[in-house]
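# Inside the fold
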Amino acid sequence: MAEVERHKLTRIASYEAEHGEVGRVLLLYSGGLDTSVMLKWIQDEYAAEVVALTVNLGQPGEDFEVVRGKALDLGALECYVVDAREEFARDYVLPAIKANALYGGGYPLFTALGRPLIAKIAVEKAHEAGCDTVAHGCTGKGNDQVRIEGTVVALDPHLRIIAPVRGWQMGREEEIRYAREHGIPVKGGTEAPPYSIDDNLWGRSSEGGPIEDLNEPARDDVFELVTNPRDAPDEPEDVEIEFERGCPVALNGERLGLVELLERVGEIGARHGVGIVDHLEDRIVGLKVRDVYEVPAAEIVLAAHKELEQLVSTIHQNNFKPMLDHQWAFLVYAGLWYEPLLGDLNAFMDRVNDQVTGSVTMRLFKGKARPVVRSSPNALYDAELAGFGESGGLFSQQASPGFIELWTLQSRMAYAIRNRERG
């Protein structure tokens with residue numbers, strides 16, 4: 001623990017907790033090895049009381065009562081289990097849908113969307129439980145430390161933060177040894193898992209281990225959510241998603257709550273091998289990393305939303321909005337959920353999506369999802385105008401030569417001036 005001793009002497013940020021400032025800690029607790037070791041270690045290292053918090057964002061297959069029981073067994077005064085799926089879908093995933101949010105062109109931000117919500121709930125529960133400090137299990141190389149700490153400090157500058165994993169620098173084997181010495185159950189035995197996993201109802205990520213070798217394709221064992229496309233059904237399946245003002249409200253004609261709709265779309269997409277993203281990513285801490293994502297619901301819903309938006313928006317909106325979509329995704333990825341610019345962008349996204357009502361049918365087949373049918377009462381598409389039939393009405397083909405002469409005037413003048421020496 002020499003590294004921990006050295007860490008005590010250097011407080012880099014004003015919100016980092018020193019030992020004398022820690023009395024009761026709100027620990028973000030997953031039930032895994034890192035946070036289980038942390039729960040015990042904080043009690044011993046800081047002589048502090050610990051209250052645990054586990055947040056349900058739709059992690060598949062998680063037994064939250066088992067997680068709660070483990071925290072209490074390890075000495076937590078209390079373990080809050082908060083079902084935040086509805087809030088996550090409504091206040092975090094939905095704005096991402098309206099913004100067609102993909103970071104780096106591929107990552108639909110599911111972890112980045114979840115962290116500010118988890119941190120907000122942590123602040124609320126810290127107040128409720130009388131905690132002076134929030135603890136998390138993020139490393140010093142990831143983005144999540146920025147998202148969590150930035151949110152906590154924004155909402156309550158008086159709370160202190162400790163991040164033991166960032167300071168103690170124990171490897172997995174050392175953590176397992178510590179767990180054995182202190183009677184902490186190790187989920188999955190002592191063998192190190194090949195990947196680091198994070199998931200919620202909007203997607204699943206895998207990183208580390210064999211994925212770090214850029215010379216090799218992702219192994220089959222990484223995919224636990226999405227069917228390998230080569231093993232997907234041999235017949236395509238069409239799914240119709242209906243939107244109202246940018247929000248998905250129905251699947252194949254059946255109105256559903258947003259959480260259930262996303263879960264069902266994800267199940268259908270996963271069956272057809274849709275949503276595998278092998279992504280090279282620029283982290284905000286300066287590292288370039290490779291992640292493998294399984295995001296069936298996000299791939300289908302975002303593609304459907306973008307297609308409907310294209311149908312109802314003008315050429316100027318469709319040329320301009322992608323720039324703001326990109327900026328929205330960057331701010332969220334970078335942990336700046338409370339940056340005023342994000343609020344400004346959300347106001348724009350809401351305004352544009354006022355017209356995004358209608359339905360899009362997506363055809364799923366062997367890992368691909370593509371729009372095949374579109375419909376909206378607000379469509380700016382007119383079959384008669386778009387066709388090659390007779391002119392007249394709102395569009396007169398005879399007017400086109402005059403348009404062409406004026407539209408190309410400056411370009412033609414510039415070309416002539418720049419090429420006058422050539423005659």
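Now for a description of the structure that goes with this document.

Parameters at a glance
Residues numbered from 1 in each chain as written. Predicted model: local features only at pLDDT ≥ 70, side-chain atom pairs only at ≥ 80, totals over all residues. Heavy atoms only, no water. Helix = DSSP H or I, 4+ residues; strand = E, 2+ residues; numbered from the N terminus. Buried < 20%, exposed > 50% of the residue type's maximum accessible area, 1.4 Å probe, protein only. Contact = heavy atoms within 4.5 Å. Areas by Shrake-Rupley, 256 points an atom, 1.4 Å probe, with all protein chains shown as cover. Lys, Arg positive; Asp, Glu negative; His and termini not counted. Charge placed at Lys NZ, Arg CZ, Asp CG, Glu CD. Axes fitted to C-alpha atoms, helices over the stretch in contact; angles between N-to-C directions. Left-handed = near helix turned anticlockwise from the far one by under 90°. Nonpolar A, V, L, I, M, F, W, Y, C, P; charged D, E, K, R; others polar. Pairing = 2+ DSSP bridges. Salt bridge = Lys/Arg side-chain N within 4 Å of Asp/Glu carboxyl O. Patch = residues over 30% accessible without salt bridge, like charges linked within 9 Å, V, L, I, M, F, W, Y side chains within 5 Å.

### Points about the overall build of the chain
Of regular secondary structure, the chain possesses 15 helices and 14 strands. When the backbone C-alpha atoms are referred to their principal axes, the chain occupies close to 85 × 55 × 45 Å. Here the chain holds 423 residues, and 46% of them are scored as buried. Of the contacts made within the chain by residues no fewer than 6 positions apart, 73% connect residues no fewer than 24 positions apart. Of the roughly 21,500 Å² of accessible surface on the chain, a fraction of 51% belongs to carbon and sulfur atoms. Mean positive and mean negative side-chain charge positions of the chain (43 and 68 charges, respectively) differ by 4 Å.

### Let's talk about the packing of helix α5 (residues 110–129) against helix α6 (residues 144–155)
Between α5 and α6, the least distance of the axes is 8 Å, while the angle of their chain directions is 35 degrees. Considering only the axes of α5 and α6, their crossing is right-handed. Each of Thr111, Ala112, Arg115, Pro116, Ala119, Lys120 and Val123 in α5 lies in contact with α6, whose residues at this interface are Asp144, Arg147, Ile148, Thr151, Val152 and Leu155. Residues belonging to the contact of α5 with α6 are distributed by class as follows: seven nonpolar, two polar and four charged.

### Side note on the sheet that holds strand β6 (residues 196–200)
Pairing within the open sheet is antiparallel, and its four strands lie in the order β6-β7-β12-β11. The strands lining the two open edges of the sheet, one partner per strand, are β6 and β11 (276–282). Strand-to-strand twist of the sheet, defined as the mean angle between neighbouring strand axes without regard to direction, takes the value 25 degrees. Here strand β7 (residues 203–207) runs beside strand β12 (residues 288–294); their pairing, made up of three bridges, is antiparallel. By the bridge assignment, serine 206 is partnered in β12 with valine 292.

### Brief notes about the pattern of salt bridges
Scanning all chains against the criterion turns up 31 salt bridges. Here arginine 374 and glutamate 307 are joined by a salt bridge, their closest N and O atoms 2.7 Å apart. Pair noted here: arginine 374 is in strand β14 (residues 368–375) and glutamate 307 is in helix α10 (residues 296–312), with a separation of 67 residues, a long-range link. Relative accessible area serves as the criterion here: at 23%, glutamate 307 is assigned to the partly exposed category.

### Here's the deal with a nonpolar patch on the surface
On the surface, a cluster of nonpolar side chains totalling about 270 Å² of accessible area is made up of Ile284, Val285, Leu287 and Phe330. Position of phenylalanine 330 among the secondary structure elements: in helix α11 (residues 315–333). The exposure class of phenylalanine 330 is partly exposed, given its relative accessible area of 35%.

### A look at the pairing of β12
When you tally the buried positions in β12, you get six out of seven residues, the bulk of the element. When β11 meets β12, the two strands line up antiparallel, connected through seven bridges. Within the sheet, the bridge partner assigned to leucine 280 lies in β12 and is arginine 290. Count of turn residues in the β11/β12 antiparallel hairpin: five residues, of which glycine 286 carries a positive phi of about 105 degrees.

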